[in-house]
Amino acid sequence: MNSNDLPPTSSDDDSSASDSSGDAKGKRGNGAWLTAGIIVADVVGAGILGMPSAVAKFGWLLGAILLIVLLAANVHISILMWRVRMYSPGCSNAVTYSDLVRGTFARAPTWQRNTTTWLAGFAQKSFLYGLMGLYLLSAGKGFGMIFYEIQTCLPVWAAYAALLLLPFALYSRNLGCLVP
């Protein structure tokens, strides 16, 4: 798909004086609110399994207040990340958090840029590995509940879940392209 096949965005329209999403004139991509929504959906998708027990511990009122406060914090951080990516010249091609940090610290001393880039990469990878472990444990528990008559321990069910999910993970690595 080339750029001519993409639907026009509001920044492509020469008659509009300003863009409410904050995009720079002539640039394609997500606006601040869409980017914030995507990041919030990603975080909520990861934490949705623990929300019932958390709300049960805090109660309805405090649970709802905390949920709204954390949503506001998440949207705020997402918008800040979007602004850094859009307005920092070194971040125009950033794909990962490490790229974003490297572009942001482009003018910093080399030791500082390397340290912050390493810390960002370590934090991102640690989060992803921990998240994958939680997903596998949740899938293993789900298999254990579905096949409750078969007496097997949780690590074995998690291994079965990993084997079942492996083709999907390999397929999604290329974002749906069947070509290696």
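What counts, and where the lines are drawn
- Residues numbered from 1 in each chain as written.
- Predicted model: local features only at pLDDT ≥ 70, side-chain atom pairs only at ≥ 80, totals over all residues.
- Heavy atoms only, no water.
- Helix = DSSP H or I, 4+ residues; strand = E, 2+ residues; numbered from the N terminus.
- Buried < 20%, exposed > 50% of the residue type's maximum accessible area, 1.4 Å probe, protein only.
- Contact = heavy atoms within 4.5 Å.
- Areas by Shrake-Rupley, 256 points an atom, 1.4 Å probe, with all protein chains shown as cover.
- Polar contact = N/O pair within 3.5 Å; in protein donor to acceptor, adjacent residues only side chain to side chain.
- Salt bridge = Lys/Arg side-chain N within 4 Å of Asp/Glu carboxyl O.
- pLDDT = per-residue confidence, 0-100.
- Patch = residues over 30% accessible without salt bridge, like charges linked within 9 Å, V, L, I, M, F, W, Y side chains within 5 Å.
- Phe/Tyr/Trp six-rings, centres within 6.5 Å; stacked < 30°, edge-to-face > 60°.
- Axes fitted to C-alpha atoms, helices over the stretch in contact; angles between N-to-C directions.
- Parallel < 35°, antiparallel > 145°, perpendicular 65-115°, else oblique.
- Left-handed = near helix turned anticlockwise from the far one by under 90°.
- Nonpolar A, V, L, I, M, F, W, Y, C, P; charged D, E, K, R; others polar.

Undergrad: Break down the overall build of the protein for me, citing the residues and quoting the values.
TA: For the protein, the helix and strand inventory stands at six helices and zero strands. Reading the helices (α) and strands (β) of the protein from amino to carboxyl end gives α-α-α-α-α-α. Evaluated residue by residue, the protein yields a buried proportion of 19% over its 180 residues. At a minimum sequence separation of 6, the contacts of the protein that also span at least 24 residues come to 33%. Counting every atom, the protein has about 13400 Å² of accessible surface; 70% of that belongs to carbon and sulfur.

Undergrad: Describe the side chain of Ser-98, listing the residues and the values that go with them.
TA: Locating Ser-98 in the fold gives a position in helix 4 (residues 97–104). Since its relative accessible area comes to 9%, Ser-98 is described here as buried. A polar contact is formed between the side chain of Ser-98 and the backbone nitrogen of Gly-121, at a distance of 3.2 Å. Non-local contacts of Ser-98, meaning those with residues more than four positions away in its chain, are made with Thr-117, Ala-120, Gly-121 and Gln-124.

Undergrad: Describe in detail the pattern of salt bridges, supporting the description with residues and values.
TA: Tallying each qualifying case throughout the model produces one salt bridge. The salt bridge involving Arg-102 is made with Asp-99; its shortest N-O contact spans 3.0 Å. Residue Arg-102 and its partner Asp-99 are located together in helix 4, separated by three residues, close to a single helical turn. For Asp-99, a relative accessible area of 25% translates into the label partly exposed.

Undergrad: Now, about the confidence of the model for the protein: what can you tell me, with residues and values included?
TA: On average, residues of the protein score 77 in pLDDT, and 75% of them reach the 70 mark or higher. The least confident element of the protein, judged by mean pLDDT, is helix 1 (residues 32–47) at 70; the most confident is helix 5 (residues 110–146) at 89. Within the model, pLDDT remains below 50 along residues 1–24, and this stretch shows 26 contacts once partners closer than five positions in the same chain are excluded.

Undergrad: Quick one: what's the story with the side chain of Ser-78, residue by residue and with numbers?
TA: Positionally, Ser-78 belongs in helix 3 (residues 60–87). Ignoring sequence-local partners within four residues, the contact set of Ser-78 consists of Ala-36 and Ile-39.

Undergrad: A description of a nonpolar patch on the surface should follow, citing residues and the corresponding values.
TA: Taken together, the side chains of Phe-58, Leu-61, Leu-62, Ile-65, Leu-66, Val-69 and Leu-70 make up a nonpolar region of the molecular surface, amounting to roughly 670 Å² of accessible area. On the secondary structure map, Phe-58 appears in helix 2 (residues 51–58).

Undergrad: Pulling in residues and values, what's your account of the packing of aromatic side chains?
TA: In total, this model carries six aromatic pairs according to the counting rule given. Between Trp-118 and Phe-122 the ring centres are 5.4 Å apart and the planes differ by 10°, which places this aromatic pair in the stacked class. You can see Trp-118 and its partner Phe-122 sitting in helix 5, four residues apart, about one turn around the helix. Summarising the aromatic geometry, the rings of Phe-143 and Trp-157 are spaced 6.4 Å apart at their centres and angled 45° between planes, so their arrangement reads as tilted. Of this pair, Phe-143 sits in helix 5 while Trp-157 is found in helix 6 (residues 154–173), placing the two residues 14 residues apart along the sequence.

Undergrad: Lay out the packing of helix 4 against helix 5 in plain terms, naming residues and giving numbers.
TA: Where helix 4 meets helix 5, the closest approach of the two axes is 8 Å, and the angle between their N-to-C directions is 160°. Relative to helix 5, the element helix 4 is oriented roughly antiparallel. Between helix 4 and helix 5 the crossing geometry is right-handed. Note on element contacts: helix 5 touches helix 4 through Arg-113, Thr-116, Thr-117, Ala-120, Gly-121 and Gln-124, opposite Tyr-97, Ser-98, Val-101 and Arg-102. Here the residues of the contact of helix 4 with helix 5 are counted per class, giving three nonpolar, five polar and two charged.

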